[in-house]
Amino acid sequence: MNLPPLKSLLYFKHAAELGSFKLAAEQLFVTQAAISQQIRALEEHLQCELFVRQTRAVSLTRQGEQLLPHVLSAFGHLEAGLGALAQDPEPKTLNISVLPSFAACWLLPRIQDFSQNSEGIKLRIDPSDRHADFEQGEADIGLRFGEGHYPDLHSELLGDDQMLLVYKTGMLDESAPLKPQLLKSQLIMDICPDAERAWQSVVAELNIATEQLPRFLEIDNAALVIQAVLAGQGVGMLRKRLIESHVALSQLKIWPGFELQCHYQYFLVGPQRHFSWHKVKVFQDWLMMQFNR
């Protein structure tokens, strides 16, 4: 026998449990006529009566009583299976997909603080520019820097950032004008829209002609831009959050009076159901504390 439509079995289940088409309709947010129609279609499919219709109530026939426990069992298995999909398979291990530059320059220096406040949750970090395939289990959650629009995924804003003009301590003289010093320096470009806009802003503000510009060293990785600046190879345009530890150690300095708000922002990204997992909530709360310091 071909199986009847799932909807008709669902309506039968509710009507049988409540003993009323009217109450079943209210519980399912449909009309009483819709309940009657689906159950009549189920009876025609099974070629037997399932209910004895009365004025204000219905009761099961012998065939209906035979069918009900199997329907309850089937829906119970279905609910259990769906519930299993939402459960966290590894509640004590959090797999994170994160940009390599953010992992190296921001996350790793703070790992010890997370470990001390994480309720025993272990981080497993996958530094990658590629977006993780969450459905294949490549990550539980992702940390991304962008506009927050990720198809079929939920995203929650963590914070923003600013582009700053950065140099190795001692390389530039803050008491002297910036323009002639830049013209004698190599400029290091992180290949991203925010850095490009920031350099354009500096060039315009200092009234530097295109033919005057020194050559750019272009690097498609903010962490490597930081290493190049630390090595004294030139002046870089970098995000504030990525250089905080180097500034605190006086390894890098920020040229005063210039700051450009990034268009992109930081987001926690993943399937909606993952945000209900305890380990993700713990990590998100910790991230928010770090971003708001």
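Source: prediction; values computed, not measured.

Visitor: Hey, could you go over the overall build of the chain for me, with residue numbers and the actual values?
Guide: Counting its secondary structure elements, the chain contains 11 helices and 13 strands. Rg of the C-alpha trace for the chain: 31 Å, well past the compact-globule value of 19 Å for 293 residues, more than 25% over. Viewed in the frame of its principal axes, the chain has a C-alpha envelope of about 95 × 40 × 30 Å. Looking at the chain as a whole, 44% of its 293 residues qualify as buried. Long-range contacts, defined as pairs at least 24 residues apart, comprise 75% of the intrachain contacts of the chain with a sequence gap of at least 6. In the form shown here, the chain has an accessible surface area of approximately 15,900 Å², with 52% of it arising from carbon and sulfur atoms.

Visitor: I'd love a proper account of the packing of aromatic side chains, names of residues and values included.
Guide: Throughout the structure, instances matching the rule amount to 15 aromatic pairs. On the numbers, 5.3 Å between centres and 85° between planes, the contact of Phe 21 with Phe 51 is edge-to-face. Residue Phe 21 is located in helix 2 (residues 21–28), and its partner Phe 51 is located in strand 1 (residues 51–53); the two are separated by 30 residues in the primary sequence. Measuring from ring centre to ring centre gives 4.9 Å for Phe 102 and Trp 106, while their planes differ by 15°; the resulting arrangement is stacked. Residue Phe 102 and its partner Trp 106 are both found in helix 5 (residues 100–107); the two are separated by four residues, about one turn of the helix. Looking at Trp 106, the relative accessible area reads 0%, which means it is buried. Three or more aromatic residues link up through ring pairs in this structure, and these residues are Phe 102, Trp 106, Phe 114, Phe 145, Tyr 264, Tyr 266, Phe 283, Trp 286 and Phe 291.

Visitor: Help me get a handle on helix 3 (residues 32–46), residues and values and all.
Guide: Over its 15 residues, helix 3 extends 21 Å from the first C-alpha to the last, a length consistent with the 21 Å expected when each residue adds 1.5 Å. For helix 3, every residue scored as buried is listed here: Ile 35, Gln 38, Ile 39, Leu 42 and Glu 43. Along the axis of helix 3, the buried residues cluster in a sector spanning 140°; they form a single face. Exposed residues lying more than 90 degrees from the buried face of helix 3 are Ala 33, Gln 37 and Glu 44. For helix 3, the secondary structure elements touched by its buried residues are helix 1 (6–18), helix 2 and strand 1. Looking one or two residues past helix 3, Gln 47 carries a phi angle of roughly 60°, positive in sign.

Visitor: With reference to specific residues and values, describe the pairing of strand 10 (residues 235–239).
Guide: With respect to burial, strand 10 is a largely interior element, five of its five residues being buried. Neither face of strand 10 is left uncovered, since the one carrying Val 235, Met 237 and Arg 239 and the one carrying Gly 236 and Leu 238 both have all their residues buried. Strand direction decides the pairing type here: strand 7 (residues 162–168) and strand 10, joined by four bridges, are antiparallel. When the bridges of strand 10 are listed, Leu 165 appears paired with Met 237.

Visitor: Before we move on, could you go through helix 8 (residues 193–205) and cite the residues and values that matter?
Guide: Side chains three or four residues apart in an α-helix point the same way, a direct result of the helix having 3.6 residues per turn. The first and last C-alpha atoms of helix 8 sit 18 Å apart over 13 residues, in line with the 18 Å expected at 1.5 Å per residue. Buried residues of helix 8: Asp 194, Ala 195, Ala 198, Trp 199, Val 202 and Val 203, and no others. Downstream of helix 8 by a residue or two, Asn 207 has a phi angle that is positive, lying close to 55°.

Visitor: So, the pattern of salt bridges: which residues are in play, and what are the values?
Guide: A side chain of one charge can pair with a side chain of the opposite charge when the charged atoms of the two come close. Enumeration over the complete set of coordinates arrives at 13 salt bridges. The salt bridge partner of Arg 273 is Glu 135, with a shortest N-O separation of 3.4 Å. Taken together, the residues Arg 273 in the loop between strand 13 (265–270) and helix 11 (278–291) and Glu 135 in the loop between strand 4 (122–127) and strand 5 (141–146) connect sequence positions 138 residues apart. Via salt bridges that share partners, Arg 40, Glu 43, Glu 49 and Arg 53 belong to a single interconnected network.

Visitor: An account of the sheet that holds strand 13 is needed here, citing residue identities and associated values.
Guide: Read across the open sheet, the five strands follow the order 4-3-5-13-6; overall the sheet is mixed. Lying at the two open borders of the sheet, with one neighbouring strand each, are strand 4 and strand 6 (154–159). Within the sheet, the average angular offset between the axes of one strand and its neighbour, ignoring direction, is 25°. Relative to strand 13, strand 5 runs antiparallel, the two being bridged by five bridges. Along strand 13, the bridge assignment pairs Gly 146 with Gln 265.

Cut-offs applied
Residues numbered from 1 in each chain as written. Predicted model: local features only at pLDDT ≥ 70, side-chain atom pairs only at ≥ 80, totals over all residues. Heavy atoms only, no water. Helix = DSSP H or I, 4+ residues; strand = E, 2+ residues; numbered from the N terminus. Rg over C-alpha atoms; globule rule 2.2 N^0.38 Å. Buried < 20%, exposed > 50% of the residue type's maximum accessible area, 1.4 Å probe, protein only. Contact = heavy atoms within 4.5 Å. Areas by Shrake-Rupley, 256 points an atom, 1.4 Å probe, with all protein chains shown as cover. Phe/Tyr/Trp six-rings, centres within 6.5 Å; stacked < 30°, edge-to-face > 60°. Expected span 1.5 Å × (residues − 1). Arc of directions from axis to C-beta. Pairing = 2+ DSSP bridges. Salt bridge = Lys/Arg side-chain N within 4 Å of Asp/Glu carboxyl O. Axes fitted to C-alpha atoms, helices over the stretch in contact; angles between N-to-C directions.

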